[in-house]
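Here is how the chains run, residue by residue.
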Amino acid sequence: MSATEAVGYEVEGPLATVRLADAAGHNRLSDDLRTAMIGALREAAADPRVRVVVLEGLPEIFCAGGSVEQMLRPHERRIVPVWEFLRAVVDCPLPVVAAAQGHALGGGFLLALYCDVVVLSDRSRYAANFLAYGFTPVLGATHLLPAKLGAALGAEMLYTARSYRGRELADRGAGVTVTAHDKVCAEAQRTALRIAQAPRDALERLKAHLRAETLERAEAALAREIPDHEATIGSAEARRRIRTLHGERIGAARVRTDAAPVPSRVGGPR
């Protein structure tokens with residue numbers, strides 16, 4: 001899939017909708033998806049009609065994280081481009097509302113959480129499953145999950161590396177909106193329209209304040225994370241787990257969509 005096909009873009013009123021649409025690749029954090037999403041966010045920011053961006057995925061997958069090949073790349077081709085991908089929603093001068101209707105796994109879950117407002121599905125699964133692959137979290141995850149979801153729940157997600165249904169996160173008091181699966185996009189649009197009642201200049205100024213604090217803390221966490229991440233992802237055990245466990249990711253998530261919540265090792269971390 002080319003970069004131009006990987007992401008949909010449309011403007012209606014004050015809202016721009018950026019839709020991750022790489023169905024064949026399960027919206028993994030690929031180079032094409034990164035290029036297209038960043039381009040769409042820049043297009044929205046340059047359009048004077050737009051006040052808020054809604055970031056959507058596919059109904060059953062918001063973002064599946066990274067591929068085996070991406071996880072086995074050297075640092076410069078693994079961390080650097082994925083960090084650029086994630087921080088694009090923070091760098092956008094307009095508020096970004098995540099409509100994470102489908103599963104969001106590893107780095108795909110971080111992508112949703114780095115948005116300014118997050119809407120999740122009650123039935124989809126969300127995971128920060130770095131440790132399941134034998135390496136420590138990265139990309140600011142050690143700051144982001146406790147900050148967005150609450151300290152106890154965020155730490156638990158990082159330690160257990162299992163997937164959580166949206167309804168479980170809601171029951172645990174996660175600091176995000178969780179709604180019925182088929183209402184996620186509508187809820188995100190309603191929230192975005194409410195935000196868009198403010199003047200664009202005021203929204204940009206507020207985003208600049210919040211962005212500065214988010215980046216300061218996330219980048220500090222990333223700097224602390226990188227040495228341990230590099231030490232662990234280079235181990236023979238991590239390499240074995242990446243190659244053997246990665247195939248369970250999307251299929252397992254889909255099979256369990258209507259099953260009782262159970263620990264899961266699906267999804268790539270970036």
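Scroll up for the structure.
The residue numbers shown here count from 1 along each chain, following its written sequence. The model is predicted, so local features are restricted to residues of pLDDT at least 70 and side-chain atom pairs to those at 80 or more, both for listing and for counting; the totals for chains, interfaces and linings are taken over all residues. Excluded from the side-chain calculations are hydrogens and water; all other atoms, namely the structure's heavy atoms, are used.

So, on to the packing of aromatic side chains. In this scheme Phe, Tyr and Trp rings, the latter by its six-membered ring, pair at centre separations within 6.5 Å, and the angle between planes marks the pair as stacked below 30 degrees, edge-to-face above 60, and tilted otherwise. Scanning all chains against the criterion turns up three aromatic pairs. When the ring of F109 is compared with that of Y126, the centres are 5.7 Å apart and the planes differ by 35°; the resulting orientation is tilted. Of this pair, F109 sits in helix 5 (residues 107–113) while Y126 is found in strand 8 (residues 125–127), placing the two residues 17 residues apart along the sequence. The pair F109 / Y126 is uniform in exposure class, with both members buried. By the criteria applied, helices consist of DSSP H or I runs no shorter than four residues and strands consist of E runs no shorter than two, each listed in order from the N terminus. Each residue's exposure class comes from its accessible area (1.4 Å probe, protein chains only) as a fraction of the maximum for that residue type: buried when under 20%, exposed when over 50%, partly exposed otherwise.

What follows is about the sheet that holds strand 5 (residues 96–100). For two strands to be treated as a pair, DSSP must find no fewer than two bridges joining them. Reading across the sheet, the six strands line up as 1-2-3-5-7-10 and stay open at both edges, with mixed pairing between neighbours. Only two strands of the sheet have a single partner each, and these edge strands are strand 1 (7–12) and strand 10 (177–179). Within the sheet, the average angular offset between the axes of one strand and its neighbour, ignoring direction, is 20°. Between N-to-C directions, angles span 0 to 180 degrees; the directions come from axes that are lines fitted to C-alpha atoms, helices contributing only their stretch in contact.

Moving on to the state of the cysteines. Whenever a pair of cysteine sulfur atoms sits within 2.5 Å, that pair is classed as a disulfide. The tally for this structure, following the rule as stated, stands at zero disulfides. The closest cysteine sulfur to the non-disulfide-bonded C92 is located on C115, 9.4 Å from its own sulfur. When its relative accessible area of 3% is taken as the criterion, C92 is described as buried.

What follows concerns the pattern of salt bridges. One speaks of a salt bridge when a side-chain nitrogen belonging to Lys or Arg is within 4 Å of a carboxyl oxygen belonging to Asp or Glu. What the rule picks out here adds up to 19 salt bridges. Of the charged contacts in the structure, one is a salt bridge between R19 and E56, with a shortest N-O distance of 2.9 Å. You can see R19 sitting in strand 2 (residues 15–20) and its partner E56 sitting in strand 3 (residues 52–56), a full 37 residues away along the chain. Accessibility expressed as a relative area gives 7% for E56, which makes it buried. Counted as one network, the salt bridges with shared partners bring together D31, R34, R73 and E84.

Further remarks concern the sheet that holds strand 6 (residues 103–105). Sheets are built from strands that pair by backbone hydrogen bonding, the pairs being arranged parallel or antiparallel. Here we have four strands laid out as an open sheet, ordered 4-6-8-9, and mixed in their pairing. Strands with a single pairing partner mark the edges of an open sheet, and in this sheet they are strand 4 (61–63) and strand 9 (163–165). The average angle at which neighbouring strand axes cross in this sheet is 25°, direction not considered. Note that strand 6 and strand 8 share two bridges and pair parallel. Across the sheet, the residue bridging to L105 is A127, located in strand 8. Each of strand 8 and strand 9 is contacted by helix 7 (residues 151–160), which is oriented at about 135° to strand 9, the strand it contacts most. In what follows, residue pairs with any heavy atoms lying within 4.5 Å of each other are defined as contacts.

Okay, the environment of D116 next. By secondary structure assignment, the location of D116 is in the loop between helix 5 and strand 7 (117–121). Among the residues examined, D116 registers a relative accessible area of 30% and is labelled partly exposed. Distance from D116 to L210, taken between C-alpha atoms, is 8.7 Å for residues 94 residues apart in sequence. Sequence-distant contacts of D116, defined by excluding residues within four places in its chain, comprise V89, L94, P95, V96, K148 and K207. In protein, a polar contact requires one atom able to donate a hydrogen and another able to accept it; more generally it is a pair of N or O atoms within 3.5 Å, and residues adjacent in sequence count only if both atoms are side-chain atoms. A polar contact of 3.0 Å, which involves the side chain of D116, links it to the side chain of K207.

With that out of the way, let us pick up the nonpolar core. Residues M37, L55, V89, F109, L111 and L145 are the most contacted members of the largest nonpolar core, which totals 69 residues. Ranked by residue count, the leading element in this core is helix 4 (residues 75–91), at eight residues. Beyond its immediate sequence surroundings of up to four residues, M37 is in contact with V7, V18, L20, L55, F85, A88, V89 and L111. Of all hydrophobic cores here, the second largest spans twelve residues; its members include V54, V97, C185 and L203. We define the nonpolar core as a collection of buried residues of types Ala, Val, Leu, Ile, Met, Phe, Trp, Tyr and Cys that are connected through side-chain atoms lying within 4.5 Å of one another.

Helices are assigned an expected span. That span is 1.5 Å times one less than the residue count. With 16 residues, helix 2 (residues 31–46) should reach 22 Å at 1.5 Å per residue; the first-to-last C-alpha distance of 23 Å fits that figure. Taken together, the buried positions of helix 2 are occupied by L33, R34, A36, M37, I38, A40, L41, A44 and A45.

For strand 7, a buried count of four out of five residues is recorded, marking the element as mostly surrounded by other parts of the structure. Direction of pairing for strand 7 relative to strand 10: parallel, over a ladder of three bridges. What sits directly across from S121, in strand 10, is T179.

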